[in-house]
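Residues per chain, in single letters:
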Amino acid sequence: MRFRTVARLLAVALPLALVSAAVAADTPGVTATEIKIGNTNPYSGPASAYGTIGKAIGAYFKKVNDEGGINGRKINYISYDDAYSPPKAVEMVRKLVEQDQVAALFQTLGTPTNSAIHKYVNQQKVPHLFVATGATKWNDPQHFPWTMGFQPNYQTEGRIYAQYILKNLPDAKIGILYQNDDYGKDYRKGLHDGLGEAAKKLIVMEQTYEVTDPTIDSQIVNLKNSGANVFFNVTIPKFAVQAIKKSHDIGWKPTHFLNNVSSSLGTVLKPAGLDASKGLITALYQKEITDPQWKNDKGYLDWVAFMKKYYPEGALDDQSNAYGYLAAQTLVQVLKQCGNDLSRENIMKQAANLKNFELALLLPGMKVNTSPTDFAPIEQEQLAKFDGERWVLFGEVYDASKK
Amino acid sequence: MDIFLQQVVSGLATGGIYASLALALVMIYQATDVVNFAQGEMAMFSTYLAWSMLNAGLPYWVAFTATLAIAFVGGLLIERIVIRPVENAPVLAVVIVCIGLLVILNSVAGWIYSYIQKPFPSPFPGTPIRFGNVVFGAHDLGAIGITLVVLLFLYVFFRYTTLGLAMRAAAQNPVSSRLCGVRVGWMLAIGWGLAALVGAVAGMMVAPIVFLDPNMMAGILIYAFASATLGGFTSPGGAVVGGLLVGVIENLVGTYVRFIGTELKLTVALAIIIIVLVVKPSGLFGRVVVRRV
Amino acid sequence: MTPRSRPLTLALPLVTLAVAALLPFVLSNFRLFQFTQVFIYAIALLGLNILTGYNGQISLGHGAFYALGAYTSGIMMDRWNAPFLTTLPVAGAVCLGAGFLFGIPALRLEGLYLALATFSLALAVPQILKYFEHWTGGSQGLVLSKPEAPFRLTLSPDQWLYFVALATLVLSMILAWNLLRGRTGRALIAIRDHHIAAEAMGVNSALYKSLAFGVSAGFTGVAGGLSAGAIAFVAPDAFNVFLSVTFLVGIVIGGLASIAGVVWGALFIQFVPNWAQDISKAAPWAIYGVFLIVFMYTMPRGIAGTIRTVWARRRVNVRSSPAKGGPP
C-alpha cells in the first residue's frame, strides 16, 4: 500500500518539479513561491531625500506579502543604493540583472541614472517598469520596448501651463526660474514648446540655480526687476519655499505657476506662509496628502493606515511616500494580471495592458491606461489654485494622450 | 540703483552664512593646523541635536545654549578620541580620518533623522524690514549680528585670556609651549571644541534659510572655503569679511555679467579662490607666514 | 636588493598578471565589469599618486581630469564615431595639456592652498560641463555604445574591455615605473621632501612640478576615457566632488608613493562601499567611514606602505646577527 502511495505521489510530483524547473529556466526571478523585483534608489548622496520612495515601496510589498502575496507568490524586493551616480546605477542594475536575476526592474529613480541603464536593459530584454522620473523620453515603445515611464512627464505639465497662459493671460510677461539640470530644463522646454511662436515675445527673463546653492534670493530679485508679471517656478521644495517667501517679501505679485514637484501644502506652502501662497497655480494628478480637503477621503485614510503599520518612520507629510504607494500598487496590478505566466515577455505585455485602472490616491476621474503604443501610464493632470487653505481644482482634466 | 542695493543686501545675507562657517574653518586651522573636512557635517549634526531639543518642547535659547555646550564637548572628545591616534601620522592620514568622520556623521544623521528636509525655526521675527525700496529679512541681519558677536568673543578670548594665550602658543610652537608647561594635547582638543561650537552657531543660523537636511552644509562648504581663502586663513576677522564679500560678488556677477549669469556661480567661487591664491595667497587680511628652512 | 630577492620581486607581478589574464574565462560578465572598474580606478590613482605621493602636491580635484578624459572620449565617439581605442591617447593628451596648464598657477600654491584650489576645481566641473551643453549634452549627458571586440575576436564586450583596461594598466605602470626610477623620479621626490634644498641642488622645481601635474592628469584622463567605454554613458552627475575625494582616499589607503599600491587602493574604493551596503542597509556610509578611520589607525602608510615596512623588517631580522649590531 505504502509503495503505491509513494509511487502515486511521485507520479504527480515529478512532472510538476520538471515543469517548474522548466518554468524557472524561462522565467528568471520567478519560482513557485516568489517573484524577484529589482530596484535602485538614491539612499545616499545629493538626492537622498527621494530614498524614502524605495522604502515606501518595500513597505507596500511587505503588506502585500502579509496578505498572501500575488497568486500565491511573495514579492522578493531587492533594492540597492546608487547614490544618484550613473556609474553606480549601472553596476547595481547589472548586479540585479546578472547576479540576482530579477524578473523585472521597477521604479529605478532619476533621469541620469536611468539614462545610463536605458540601452543595457533593453538589450538584455528586462522589463524596466514605471521609472521614477518625469523625463519625457521613457515613452518610446518603438525603440525601447522594455522601458516604461510612470508619472505625467514634465514637458506635458509645462505645456498645460503654456496653454493656460495663451488662453487667459495674453499680455503675460513671463519670468522663469529653473533648476540647472534635466528636471528644470524639461519643464522649461515644455513651456517653450507650448507657447510656440509666442515664446520669444512673452518670456522676458530666465534664471537658473544649482541644487547646491544656499539661496535663490538673488534670482528672485532679478526676476522682479525684469518686469515679469507671470512667474514659472521650477524649483524643488526647499527653493520653492524661498521663492514664494522672497517674492512676497519684496512685494512681487505675479501670476505664480508652481511646478507639481513642489506642490505640497505641508512641506512647501505652510513654511512659506499660507497667506503668501494665495493664488498659486499648479497642476496635480495625485491627492495632495497634506491638503485638508482629503482628510476624510477613504483613499487617504487607507494610505495613512498603511504608513502607520508598515512604514512608521516615513513622514506623513512627504508626498514621495504617497507616490511610492501609487507606483507599488500599479506594479502589483501588473503582476496580478500576469496570472501564472511571469515570464519577462508577459510582464511587459501586461504592463502595456492597463485599462482604466483606478488608484485611490489619484484625483477623482483620473485613471491609469497603457497600450502597446502608449507607454505613459498616467497622463492626466488638472490645474488647481491655492485659496489660502486648500488646492481648489478648476478647469478641465487635461489628457496628454488625446492630442 | 535699487536693484543694485537689493542685490548687495541679499549678497550680504547669503554672505553671512558663508562667513559663519568660514569662521569655524579658520578657527580650527588656527588652533590645530588641520583643515577639517568634517566641519560642515559636525555643524549639521549639532543643528539636528538642537532640532531634537526644540521638538521636545525646549524654548529656543535654552536649546541654543545647550547645543553649543554639547558641540563644544563633542568637538573636544572627537579630537581626543578620533584624531589623537593619527596626530603623528602623515598629514594625508589625518585628512582621510576627517573624511571618514564626514561620511559617518552624514550617514548617521540621515539614518536617525531621515533625509527629508525639515524646517528650523529662527529666533528672529519673520517680517521683512523695509528700507525704502530695499528689503531684507530680520533673520539675515540677526545671523550676521550673531556671527559678529561670536567673532568678538573669539577675539577677546584669544587676546586677553590666559587660556587663549596658551592655545595660540600651542599652535605656533608646540615644543616650546610644552617646555613652558602648556598641555599641548588639551589645547588642541579645546581648539576643536571651540571650532565645533562656532560651527554649531553657523548651522543654527543657516538652517532656517536652507532647511535642515543631512546635505545642508555640503553646498555651503565651497563658498566657506572661498571666503576663508579671500579673507585669509590666518585671520578670523578676514574670514567674516571674506564671507560677506563672496556673497556680494556672487550676486553682482550673477546679475550684471550676462554670459555668466546664474549658471556659473560655482565657477565664480572657483575663480575667486584661484585669483586670490595666485595674486595674494595669504588673503586680504592674512599674515604672510615665513618659515625657517 | 639582494640577488636572491630579485627573481621574487619579478615573479610576483608576473604571476598576478597571468591570473588576471585568465579571469575573463572564469568569471561572469558582471564580475568582469567590476574588475574592469578596478583597473580603471587603478590607472586614475596612479596618476594622482605621481602628483601627490611622489611629488607632494595634494590634489583634491583629479575627478576633474577624469571627467575631461571621459568627455573627450565620449564626444569623439558620439560626434565623430571615432573607434574607442583611438580616443584613449587623445584623452590622455588633452588632459596632459590641461594638467600642465593648471599646474602653472598652482606653482605658487602649497599644501592646504593647493588642496583648496583643486577642491574648488572639482566642485565647479559639473557646472562647467552643463554650461557647454552643445558639446557635452548638458545635464542629460551622452549615451554611448559599448565598444565591441575588433577583428573577429570572439570576446564579449565585457571581456574585451577587461583586456583593454588591463593592458592599459600594465602599460601605465611600466611607464610610471620607468619615469620614476630615473632622474625625474628623484627630482620629484626631492621636491616633495625639501623643495628649497632641491632647488639649491639645481633641480628646476617649476618645470618638474608642472610636468608632474601634466603627467598625472594625463594618466587620470586615460582612465576617464576608459570609463566612458565601460559605462557607455557620461553625465555631469558622475563627476562630482566626492569622486575626487574618493581618489585621494584610494591613494592613501593603497599607499602613497607606491605603484603597486594603486591596485590595493582601487580594490578598496570599488568593493568596500558594496560590502558596507551588505553589512548595514540603514547607514552603509557610516560603516565605510569606520573602515577608513580604522585603516588609518592601523595602516597610516597605506597597504603598500605597511607591506613594505613588514617586508623590510622581516628581511632585517633574517639578515642581521646580534654580533654585528643590527641593521644599517
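Residues numbered from 1 in each chain as written. Chains lettered and ligands numbered in written order. Predicted model: local features only at pLDDT ≥ 70, side-chain atom pairs only at ≥ 80, totals over all residues.

Here the focus is the overall build of chain C. A count of helical and extended segments in chain C gives 13 helices and 2 strands. What you see for chain C is a C-alpha radius of gyration of 21 Å, in line with the 20 Å of a compact globule of 328 residues. Counting every position in chain C, which comprises 328 residues, the buried fraction comes to 54%. The long-range share in chain C, meaning contacts at least 24 apart out of those at least 6 apart in sequence, stands at 76%. (Helix = DSSP H or I, 4+ residues; strand = E, 2+ residues; numbered from the N terminus. Rg over C-alpha atoms; globule rule 2.2 N^0.38 Å. Buried ≥ 20, exposed ≤ 12 C-beta atoms within 10 Å, placed from the backbone. Contact = placed C-beta atoms within 7 Å.)

From N to C terminus, chain A includes 13 helices and 11 strands. At 23 Å, chain A has a C-alpha radius of gyration in line with the 22 Å of a compact globule built from 403 residues. Across its three principal axes, chain A shows a C-alpha extent of roughly 95 × 45 × 40 Å. A total of 403 residues make up chain A; the buried ones form 57% of that total. Excluding contacts between residues fewer than 6 apart, the proportion of contacts in chain A whose partners are at least 24 apart in sequence is 68%.

Turning to the sheet that holds strand β4 (residues 128–129) of chain A, a few remarks are in order. Residues and elements named next belong to chain A. An order of β2-β1-β3-β4 is seen for the 4 strands of this open sheet, with the pairing classed as parallel. Looking at strand neighbours, the two that pair on one side only are β2 (74–81) and β4, the edges of this open sheet. Where strand β1 (residues 34–41) and β2 come together, 8 bridges link them in parallel fashion. By the bridge assignment, K36 is partnered in β2 with N76. (Pairing = 2+ DSSP bridges.)

Residues and elements named next belong to chain A. Positive phi, normally seen in glycine, also occurs at K125, with a value near 60°. By the secondary structure assignment, K125 is in the loop between α4 (111–124) and β4. Using a count of 13 C-beta atoms within 10 Å as the deciding quantity, one classes K125 as partly exposed. A positive phi is found at F130, a non-glycine position, where the angle reads about 50°. When you line up the elements, F130 lands in the loop between β4 and α5 (154–168).

The next subject is helix α11 (residues 261–279) of chain C. Along an α-helix, residues three or four positions apart point the same way, because every turn accommodates 3.6 residues. Residue and element names in this part refer to chain C. Look at α11: 26 Å from first C-alpha to last across 19 residues, which is about the 27 Å you get at 1.5 Å a residue. Where α11 bends most, the angle comes to about 35°, and this point is F271, followed within four residues by the proline P273. Every buried residue of α11 is listed here: G261, V262, V263, W264, G265, A266, F268, I269, Q270, P273 and A276. (Expected span 1.5 Å × (residues − 1). Bend = angle between axes of the 7 residues up to and from the residue.)

With that out of the way, let us pick up the interface of chain C and chain B. Listed by partner, the interface residues are 32 residues for chain C and 34 residues for chain B. The set of elements that each furnish at least two residues to the side of chain C that touches chain B consists of α5 (111–131), α10 (241–254) and α12 (284–298) of chain C. Of all the elements, α5 of chain C adds the most residues to the side of chain C that touches chain B, at 12 residues. Broken down by class, the residue content of the side of chain C that touches chain B amounts to 28 nonpolar, 3 polar and 1 charged. (Nonpolar A, V, L, I, M, F, W, Y, C, P; charged D, E, K, R; others polar.)

Below, the discussion takes up the packing of helix α2 (residues 29–54) of chain C against helix α7 (residues 157–181) of chain C. All names here are of chain C. At a minimum axis distance of 9 Å, the contact between α2 and α7 shows a crossing angle of 20°. Compared by their axis directions, α2 and α7 come out roughly parallel. Here α2 and α7 pass one another in a crossing that is left-handed. Residues N29, L32, F33, F35, T36, F39, I40, A42, I43, L46, I50 and Y54 of α2 pack against D158, Q159, L161, Y162, A165, L166, T168, L169, S172, M173, A176 and L180 of α7. Residue classes in the contact of α2 with α7 are distributed as 18 nonpolar, 5 polar and 1 charged. (Axes fitted to C-alpha atoms, helices over the stretch in contact; angles between N-to-C directions. Parallel < 35°, antiparallel > 145°, perpendicular 65-115°, else oblique. Left-handed = near helix turned anticlockwise from the far one by under 90°.)

Another point: the interface of chain C and chain A. Of the residues lining the interface, 20 residues belong to chain C; the matching set on chain A comes to 23 residues. Taken together, the elements giving at least two residues each to the side of chain C that touches chain A come down to α2, α5 and α12 of chain C. With 4 residues, the single largest contributor to the side of chain C that touches chain A is α2 of chain C. In the side of chain C that touches chain A, the residues fall into 10 nonpolar, 8 polar and 2 charged.

This next bit is on the environment of G194 of chain A. Residues and elements named next belong to chain A. If you trace the backbone, G194 turns up in helix α6 (residues 182–195). Judged by the 21 C-beta atoms lying within 10 Å of it, G194 falls in the buried class. Along the sequence, G194 and A162 sit 32 residues apart, while their C-alpha atoms lie 5.0 Å from each other. Dropping the residues within four chain positions of it, G194 is found in contact with G158, R159, A162 and Q163.

This next bit is on the pairing of strand β5 (residues 174–179) of chain A. Residue and element names in this part refer to chain A. Burial runs high along β5: 6 of the 6 residues are buried. Side chains I174, I176 and Y178 of β5 all project onto a buried face; the interleaved residues G175, L177 and Q179 project onto the opposite face, where all are buried too. One ladder, built from 6 bridges, connects β5 with strand β6 (residues 203–209); its direction is parallel. Of the residues in β6, the one forming a bridge with G175 is M205.

Turning our eyes to something else, we now look at the packing of α10 of chain C against α11 of chain C. All names here are of chain C. Contact pair α10 / α11: the axes reach a minimum separation of 7 Å and the direction vectors enclose 130°. By the angle class used here, α10 and α11 are oblique. The hand of the α10/α11 crossing is right-handed. Counted together, T246, V249, G250, I251, I253 and G254 of α10 and G261, V262, W264, G265, A266, F268 and I269 of α11 form the full contact between these two elements. The residue inventory of the contact of α10 with α11, partitioned by class, reads 8 nonpolar, 5 polar and no charged.

Another point: the environment of G68 of chain A. Residues and elements named next belong to chain A. Relative to the assigned elements, G68 resides in the loop between α2 (51–66) and β2. For G68, a count of 10 C-beta atoms within 10 Å puts it in the exposed group. For G68 and N139, which are 71 residues apart along the polypeptide, the C-alpha to C-alpha distance reads 33 Å.

Attention shifts here to the confidence of the model for chain A. For chain A, per-residue confidence averages 89 on the pLDDT scale, and residues scoring 70 or more make up 93% of the total. Segment residues 16–24 of chain A: pLDDT under 50, and 3 contacts once partners within four positions in sequence are set aside and those in other chains are kept. (pLDDT = per-residue confidence, 0-100.)

For the rest of this paragraph, the subject is the domain arrangement of chain A. According to the domain assignment, chain A contains domain 1 (33–152 + 297–380) and domain 2 (154–284). Contact with domain 1 of chain A, which involves 11 residues of that partner, is made by 12 residues of domain 2 of chain A. (Domains from an automatic or database assignment.)

Within helix α8 (residues 217–225) of chain A, 8 of the 9 residues are buried, leaving the element largely enclosed by the surrounding structure. Residues of α8 of chain A that are buried: D217, S218, Q219, I220, V221, N222, L223 and K224 of chain A. Packed against the buried residues of α8 of chain A are β5, β6, β7 (230–234) and α9 (237–249) of chain A together with α1 (2–32) and α10 (236–256) of chain B. Remark: G227 of chain A follows α8 of chain A within two positions and exhibits a positive phi of approximately 85°.

Turning our eyes to something else, we now look at the environment of L154 of chain B. Secondary-structure assignment places L154 of chain B in helix α5 (residues 138–160). Its 20 C-beta neighbours within 10 Å are what place L154 of chain B among the buried residues.

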